[in-house]
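Summary of structural features
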Amino acid sequence: MIFLNGQFMPIEKACVSVLDRGFIFGDGVYEVIPVYSRRPFRLEKHLRRLQHSLDGIRLKNPYTDDQWKELIGQVIDKNESEDQSVYLHITRGVAKRDHPFPDVPPTIFVMSNPLLSPSPELLEKGVAAVTASDNRWIRCDIKSISLLPNVLLRQMAVDAGAAETILIRDGYLTEGSASNIFIVRDQVLLAPPKSHLMLPGITYDVMLELVAENHVIHEVREISEEELFSAEEIMLTSSTREIMAVTRLNEQPVGSGNPGAMFRQLHQFYQQYKATHMRGGTVG
């Protein structure tokens, strides 16, 4: 069951006009919220990021936070899985094809899919990644539905039999095509700083909070291309993939070629956080 413009319906019944500006221009934003044991993960943070994206494209938020929370709860209740991935999609609405903003109601679409945690095999062996020049626009902090550059970059990884494409702009690491990236150098965890060139990841924030709480030595600073290629460990984080070790980069082993000690520590921290805050504890 999905929600579209005020109505719940089976996804097979959902229809959107071909003149919707999301279809014509990619004029809209989205948000993805993981749900554990039917409890949305860091909902306040996701709604804050949604507001940031809406502000970035000058589109008024159609709902208050309380209305979003109620709607998301209804979508969760109407779908069967205990763990879900809730997708919010808001476009500027339906109007004749013309670039200036129309005065029309927005299109609001919410759906949920089962959320599957990374398999034990991937956690044990890690995944491969490739690198590419970050050729996206300069407002990557907006979670825009205009994702063609990300799609093309991610397909580069698929074509190479890899799980992710890690992006480099002007000699520095930005993020993955659909993830944030951490590295380890000299046993120090490094994370690139938030800017308009990367999406402010919710899982990225959680990881930095957890390492601070557990007194793990870390720095948030620009990471050079050379530091990426000589890293002892590389990790990717996202709402749907949580945290995963990158054990091969451009067909070369990262460190020992196996998930490292820092990854195993951070993965344990994250699972403990979920167990405490989501699996019968308080909502994080």
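Here we summarise the structure given alongside this text. Owing to the predicted nature of the structure, the values given are computational and were not obtained by experimental measurement.

This part is about the overall build of the protein chain. A count of helical and extended segments in the protein chain gives eight helices and 15 strands. A compact globule built from 284 residues should have a C-alpha radius of gyration of about 19 Å, and the protein chain, at 19 Å, falls within 12% of that. Over its C-alpha atoms, taken along the principal directions, the protein chain stretches across nearly 55 × 45 × 30 Å. By residue count, 51% of the 284 residues in the protein chain fall in the buried class. Long-range pairs, those at least 24 residues apart, make up 69% of the contacts in the protein chain between residues at least 6 apart in sequence. Taken as a whole, the protein chain presents about 13,700 Å² of accessible surface, with 53% of it coming from carbon and sulfur. Here the protein chain contributes 29 positive and 36 negative side-chain charges, whose respective centroids are spaced 4 Å apart.

A few words now on empty space enclosed by the protein. If you walk through the whole model with that rule in mind, you get one cavity of 30 Å³ or more. Roughly 40 Å³ of volume is contained in the largest cavity. Among the residues forming the lining of the largest cavity, the class breakdown is five nonpolar, three polar and two charged.

What follows is about the nonpolar core. Judged by nonpolar contacts, the single largest core of 26 residues is most densely connected at Phe41, Phe182, Leu189, Met235, Met262, Leu266 and Tyr270. Beyond its immediate sequence surroundings of up to four residues, leucine 189 is in contact with Phe182, Ile183, Val184, Val211, Ile217, His218, Glu219, Met235, Met262 and Leu266. Counting 21 residues, the second-largest nonpolar core is a separate cluster that includes Leu47, Leu71, Val75 and Ile76.

It is generally the case that most residues other than glycine have a negative phi and that most peptide bonds are trans. The backbone phi angle of arginine 58 is positive, close to 60 degrees, even though this residue is not glycine. On the secondary structure map, arginine 58 appears in the loop between α2 (43-56) and α3 (65-77). The phi angle at glutamate 242 is positive, at roughly 60 degrees, despite the residue not being glycine. By secondary structure assignment, the location of glutamate 242 is in strand β14 (residues 242-249). In this structure glutamate 242 comes out as buried when scored by relative accessible area, which is 3%.

The next thing to look at is the layout of surface pockets. Within this model, the largest pocket holds a volume of roughly 760 Å³. Along the walls of the largest pocket sit 30 residues, with Tyr30, Lys143, Ser177, Ala178 and Leu199 positioned nearest its centre. For the lining of the largest pocket, the elements supplying multiple residues, two or more each, are β3 (28-36), α5 (148-159), β9 (172-176), α6 (202-213) and β13 (233-238). Top contributing element to the lining of the largest pocket by residue count: α5, with four residues.

The final tally for this structure, using the stated rule, is eight aromatic pairs. A centroid spacing of 5.3 Å and a plane angle of 65 degrees characterise the contact between phenylalanine 3 and phenylalanine 8, whose relative ring orientation is edge-to-face. Its relative accessible area of 27% is what places phenylalanine 8 among the partly exposed residues. Aromatic ring contacts, followed pair by pair, group Tyr36, Phe41, Tyr270 and Tyr273 into a single cluster. Note that lysine 78 overlies the ring of phenylalanine 8, its terminal NZ or CZ placed 4.8 Å from the centroid. In this arrangement the basic side chain of arginine 92 is found over the ring face of phenylalanine 101, its NZ or CZ atom lying 3.6 Å from the centre.

A word on the packing of α6 against helix α8 (residues 261-277). Where α6 contacts α8, the two axes come as close as 10 Å, and the packing angle between them is 105 degrees. The orientation of α6 with respect to α8, classified from their angle, is roughly perpendicular. Two secondary-structure elements touch here, α6 through Thr203, Val206, Met207, Leu210 and Val211 and α8 through Leu266, Phe269, Tyr270 and Tyr273. When the residues that make up the contact of α6 with α8 are grouped by side-chain class, the tally is eight nonpolar, one polar and no charged.

Conventions used here
Throughout this description, residue numbers start from 1 for each chain and increase along the sequence as written. A pLDDT threshold of at least 70 governs which residues receive local features in this predicted model, and a stricter bar of 80 or more applies before side-chain atom pairs are shown or counted, although totals over entire chains, interfaces and linings include all residues. Side-chain numbers here rest on the full set of heavy atoms in the structure, without hydrogens or water. Helix numbers and strand numbers start at the N terminus; a helix is a DSSP run of H or I with at least 4 residues, a strand a run of E with at least 2. Restricting the calculation to C-alpha atoms gives the radius of gyration, and the globule rule supplies 2.2 Å times the number of residues raised to the power 0.38. Only protein chains enter the accessibility calculation, which uses a 1.4 Å probe; a residue is then buried when its area is under 20% of its type maximum, exposed when over 50%, and partly exposed in between. Here a residue-residue contact requires only that any non-hydrogen atoms of the pair lie within 4.5 Å. Working definition of accessibility: Shrake-Rupley area with a 1.4 Å probe, residue cover restricted to the visible protein chains. Only four residue types enter the charge count, namely Lys and Arg as positive and Asp and Glu as negative; His and the chain termini do not. Here the site of a charge means NZ on Lys, CZ on Arg, CG on Asp, or CD on Glu. Only protein atoms enter the 1 Å grid used here, on which a cavity is any set of points holding a 1.4 Å probe that cannot leave and a pocket is any open set flanked by protein within 12 Å on both sides along at least five of seven lines; residues with an atom within 4 Å of a point are listed as lining. Grid points are joined across faces, edges and corners, and a volume is the space filled by probe spheres set on the points. Under the scheme applied, nonpolar residues are Ala, Val, Leu, Ile, Met, Phe, Trp, Tyr, Cys and Pro; charged residues are Asp, Glu, Lys and Arg; polar residues are all the others, including Gly. Side-chain atoms within 4.5 Å are what join buried Ala, Val, Leu, Ile, Met, Phe, Trp, Tyr and Cys residues into a set we call a nonpolar core. Aromatic rings from Phe, Tyr and Trp, with only the six-membered ring used for Trp, were paired whenever their centres fell within 6.5 Å, and each pair was classed as stacked if the ring planes differed by under 30 degrees, edge-to-face if by over 60, and tilted otherwise. Whether a charge sits over a ring depends on NZ of Lys or CZ of Arg being within 6 Å of the ring centre and within 35 degrees of the ring normal. For every element, the axis is a line fit to its C-alpha atoms; helices are fit only across the contacting stretch, and the angle between N-to-C directions ranges from 0 to 180 degrees. Orientation categories follow fixed angle ranges, with anything under 35 degrees roughly parallel, anything over 145 roughly antiparallel, 65 to 115 roughly perpendicular, and all other angles oblique.

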